[in-house]
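Working through the structure, step by step
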Amino acid sequence: MRVVVVGGGPGGLYAALLLKRRHPEASVTVYERNRPDDTFGWGVVLSDQTVENLRHADEPSGRRIAEALHHWDDIDVHIDGRTIRSTGHGFSGIGRKRLLAELQARARDVGVTVRFEDDVADVEVLAQDADLVIAADGLNSRTRERYAHTYRPDVDLRACRYVWLGTPHRFEAFTFAFEETPAGWVQAHAYRFDDDTSTFIVEMPEPTWRANGLDAMDAADAIAWCERTFAAHLGGAPLVSNASHLRGSAQWIRFPRVTCAEWVHWLELRDPHAPSGASEHHAPARRVPVILLGDAAHTAHFSIGSGTKLALEDAIALDHALAEPGALGAGMADALAAWHADRQLEVLKLQNAARNSTEWFEHVERYAPLPPEQFAYSLLTRSQRISHENLRLRDPAYIAAFEQWYAARAEPAPTSSAVVPPPLLTPFRVRGVTLPNRVVVSPMAQYSATSDGMPTDWHLVHLGARATGGAGLVMTEMTCVAADARITPSCPGLWNSAQRDAWARVVRFVHEHSAARIGLQLGHAGAKGATKRMWEGIDQPLDDGAWPLIAPSATRYLPDVSDEARAMTRDDMVRVIGEFVQAARLGHEAGFDWLELHCAHGYLLSAFLSPLTNRRTDGYGGSLENRLRYPLELFAAVRAEWPADKPISVRVSAHDWADGGNTDDDAVAIARAFRDAGADLIDVSAGQVVKHEHPVFGRMWQTPFADRIRQEAGIATIAVGAITDADQANGIIASGRADLVAVGRPHLANPAWTLLEAARFGHDGAAWPVRYLPGKAQLDRLVARERAAAPAAPPRPGELT
């Protein structure tokens, strides 16, 4: 077997030595364009788990690397003259030059040929005498560019500029330092990697970089500026660059996020041993794979660790894949396909975390106003891979102190329990309403009303069970303001006194038998009305009994399928405002504590907000200001009717997920407009505005929208969407990404979800119905027994995420 490796960085060298170690008979050659001791980085971060993986893959090099590591557990966050420290993170630094030296030495020991100062101009020339080509030629891979039609790369240049420097100052913890300049916030990522040196990365958004004049400075002046800006953290030590090959502003880089759809390209080569008389057209062909490895295939932002880690783990996985029977022969294609599938999934997970982390650092100004305690917590959990309970495992004292701090700030501060509640279970006050905790039962359509819009016993049981199950706020499904405002004939309404009295029965039960508050969501289906129940065909029009539909503009929600909605006249607008006002009045009479206006998911008010569904040419269409006009008119009328001591939230779709539609930029502006009109919270959902949407799903996938709206629009938010456990919810609340968390499907599976999670936290202050207290006692014993029998799993070590 003949292996050629293009690129002598850590990933290429490690792949070469592992393959040669396992297959001593193989010829393995590494081509590196630089000299052996050339390096343009400083330190490399490796997690404890990665170091352990290196030991298992190749003990001699793993041991030598481990001996050279500078290990630490602490993270320090410096902002506003404060330092917040947490521990238990478990990672290490090593100088890039030292790492390369160890890998070069080990590669020579096992028989790898390394050719330095040999720049590969044409990979196909090398492939003529190879069975496998590994392209580990880095971020600016020429191999990736040459075969881009196969690899299909996507390169996303991120918004910040950064420079990679070193310093003799010895940081004893991984350090994040934030300084505010007249042009905006800048940050440093610093960590020690040997006895005498630390890496020091300075980063800031490009507009801040330009406004500070760094684009016009030479390298020496730029370094001096960084020294002045971070003088409080450097202890008088200088900053040093080792990128002498770059001049001036070229040392400041924008991070490129690289992804590739494929990592394997197959070259079709003419067999050089074919009979001399055979024509080229009929000559047997050899297929040689050219695979991408490390930064050539993918990158992950330095704020969550190291691209070197990913490259080394690519190499380990490749070694394992090619160790399978037949993998070096006819089975190579299958082996490489399996390697790619396995690694691409793992890399994608890390890249998703890296994207979240990158965006956090691109918007430090969004989070800087948070109290330092919450700012540091937000930083530690920014990628959504490190959770509240994971932090508790890493550093119980840090989380205990944080929870004490958070609970003391709650309004009113809890006093009924000897155990400090986790953030999710702290009370929340808005206007004259106090929720006992931050858990909201999402509005969830039940399609269980009578044909005249009357709520039934199902609504009493559905909402009552979840109220007695411990949630702080239970919300009705979208309750329609008129018969022709319904989604289906089975949707509940609130347009007459009989419906008011039926809802009052539900409200009385919640108030008499639980500590929960109950909210009324009001809405109008618009063009999405007159459809079948979900289980009969979601969004499908009724076979008979449909009613006329209205919308901002004439439209069909499902093209060529849905009934057509006509464009609203001014008389329609006035009538619908009156219907909402009447419903709000009836809701107050029924005793509801909270009102929510449904302006999301393509229903009538949402359709006014989106340019995809609002094509009006009058003062209610066109610009966002115009598209907001009618929803704000309606909101003002409802707010005037609804008692001043009761809150109103507004549910919005923060992104239309379709070209030409609203984005989160628009959502911030929409939230500000409702805030100024008197809204108390924004309930942040997304999508369902048009059927041709392409949403990006994932864990807590809509929480970033709630986070951005809360920080930038200055209004409390409710997070919703794939929030499945209390650990996730705790992190959302604790970090300030939202003020309340709406939990839907878990509540369908377990009406007492909140009480169960409170027991798991060991929180004794949750309000159990007295009739259920025997169940609480048993649950507490079971939880205690489980804790004693199964010690907590160790935290995931060494992630900066």
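The present account deals with the structure reproduced in this document. (Residues numbered from 1 in each chain as written. Predicted model: local features only at pLDDT ≥ 70, side-chain atom pairs only at ≥ 80, totals over all residues. Heavy atoms only, no water.)

Turning to its location among the elements, T50 is positioned in helix α2 (residues 48-57). For T50, a relative accessible area of 1% corresponds to the buried category. Within polar-contact distance, the side chain of T50 engages the side chain of K309 at 3.3 Å. Setting aside its immediate chain neighbours within four residues, T50 contacts K309 and E313. (Helix = DSSP H or I, 4+ residues; strand = E, 2+ residues; numbered from the N terminus. Buried < 20%, exposed > 50% of the residue type's maximum accessible area, 1.4 Å probe, protein only. Polar contact = N/O pair within 3.5 Å; in protein donor to acceptor, adjacent residues only side chain to side chain. Contact = heavy atoms within 4.5 Å.)

In this section: the sheet that holds strand β16 (residues 285-292). Spatial strand order, β8-β2-β1-β9-β16-β15: six strands in an open sheet with mixed pairing. Here the strands that pair on one side only, and so sit at the sheet edges, are β8 (113-115) and β15 (264-270). Within the sheet, the average angular offset between the axes of one strand and its neighbour, ignoring direction, is 20°. Pairing between strand β1 (residues 2-6) and strand β9 (residues 132-135): four bridges, direction parallel. Each bridged residue has a counterpart across the sheet, and for V6 the counterpart in β9 is A135. Where helix α1 (residues 10-22) meets the sheet, its contacts fall on β1, β2 (27-31), β8 and β9, and the angle it forms with β2 comes to roughly 170°. (Pairing = 2+ DSSP bridges. Axes fitted to C-alpha atoms, helices over the stretch in contact; angles between N-to-C directions.)

The next point concerns the packing of aromatic side chains. Applying the stated criterion across every chain yields a total of 35 aromatic pairs. Judged by centre distance (4.9 Å) and plane angle (90°), the ring pair of F178 and F375 falls under edge-to-face. With F178 in strand β11 (residues 174-181) and F375 in helix α14 (residues 372-380), the pair connects residues that are 197 residues apart, well separated along the chain. This pair shows no difference in class: F178 is buried, exactly as F375 is. By the ring-pair criterion, three or more aromatic residues cluster together here, those being W72, F91, F174, F176, F178, Y191, W360, F361, Y367 and F375. (Phe/Tyr/Trp six-rings, centres within 6.5 Å; stacked < 30°, edge-to-face > 60°.)

Of note, A15 is situated in helix α1. Given a relative accessible area of 1%, A15 falls into the buried group. C-alpha of A15 to C-alpha of G587: the two residues are 572 residues apart in sequence and 68 Å apart in space. Leaving out residues up to four positions away in the same chain, A15 has contacts with I134, L293 and A315.

What follows concerns helix α11 (residues 307-321). Here α11 spans 21 Å end to end across 15 residues, near enough to the 21 Å set by a 1.5 Å rise per residue. Buried residues dominate α11, accounting for 12 of its 15 residues. Along α11, the positions that sit buried rather than exposed are T308, L310, A311, L312, E313, D314, A315, I316, A317, L318, D319 and A321. (Expected span 1.5 Å × (residues − 1).)

All right, on to the packing of helix α23 (residues 664-677) against helix α24 (residues 703-713) then. Axis separation between α23 and α24 bottoms out at 9 Å; the angle between their running directions is 50°. What the angle tells us is that α23 and α24 run oblique. The crossing of α23 and α24 is right-handed. Where α23 abuts α24, its residues D664, D665, A667, V668, A671, R672 and R675 lie against F705, R708, I709, E712 and A713. In the contact of α23 with α24, the residues fall into six nonpolar, no polar and six charged. (Parallel < 35°, antiparallel > 145°, perpendicular 65-115°, else oblique. Left-handed = near helix turned anticlockwise from the far one by under 90°. Nonpolar A, V, L, I, M, F, W, Y, C, P; charged D, E, K, R; others polar.)

Moving on, we get to the sheet that holds β11. Strand order in the open sheet made by the seven strands is β6-β5-β11-β12-β13-β10-β14, with mixed pairing throughout. With partners counted over all chains shown, the strands left at the sheet margins are β6 (82-86) and β14 (253-260), one partner each. Strand-to-strand, the axes of this sheet are offset by a mean angle of 25°, without reference to chain direction. Pairing of strand β10 (residues 153-167) with β14 involves seven bridges; the strand directions are antiparallel. Looking across to β14, one finds that D154 is bridged to T259.

Under the definition given, this model contains 60 salt bridges. Between R429 and E411 there is a salt bridge, and its shortest N-O distance comes to 3.3 Å. Of the two residues, R429 is situated in strand β17 (residues 428-430) and E411 in the loop between α16 (396-409) and β17; the sequence distance between them amounts to 18 residues. Between R708 and E712 there is a salt bridge, with its nearest N and O atoms 3.2 Å apart. You can see R708 and its partner E712 sitting in helix α24, four residues apart, about one turn around the helix. Because the salt bridges share partners, they merge into one network encompassing R161, E206, R210, D215 and R254. (Salt bridge = Lys/Arg side-chain N within 4 Å of Asp/Glu carboxyl O.)

The phi dihedral of R431 is positive, around 50°, even though this residue is not glycine. Locating R431 in the fold gives a position in the loop between β17 and β18 (433-435). Overall, the relative accessible area of 37% leaves R431 in the partly exposed class. The backbone of Q688 shows a phi angle near 65°, a positive value even though the residue is not glycine. Mapping Q688 onto the fold places it in the loop between β27 (681-685) and α24. By relative accessible area, which is 36% here, Q688 ends up partly exposed.

Quick look at the state of the cysteines now. Going through the model one piece at a time under the given rule, you end up with zero disulfides. In this structure C599 is a free cysteine whose sulfur lies 14 Å from that of C480, the closest cysteine sulfur available. Classification of C599 by relative accessible area gives buried; the value is 1%. (Disulfide = S-S within 2.5 Å.)

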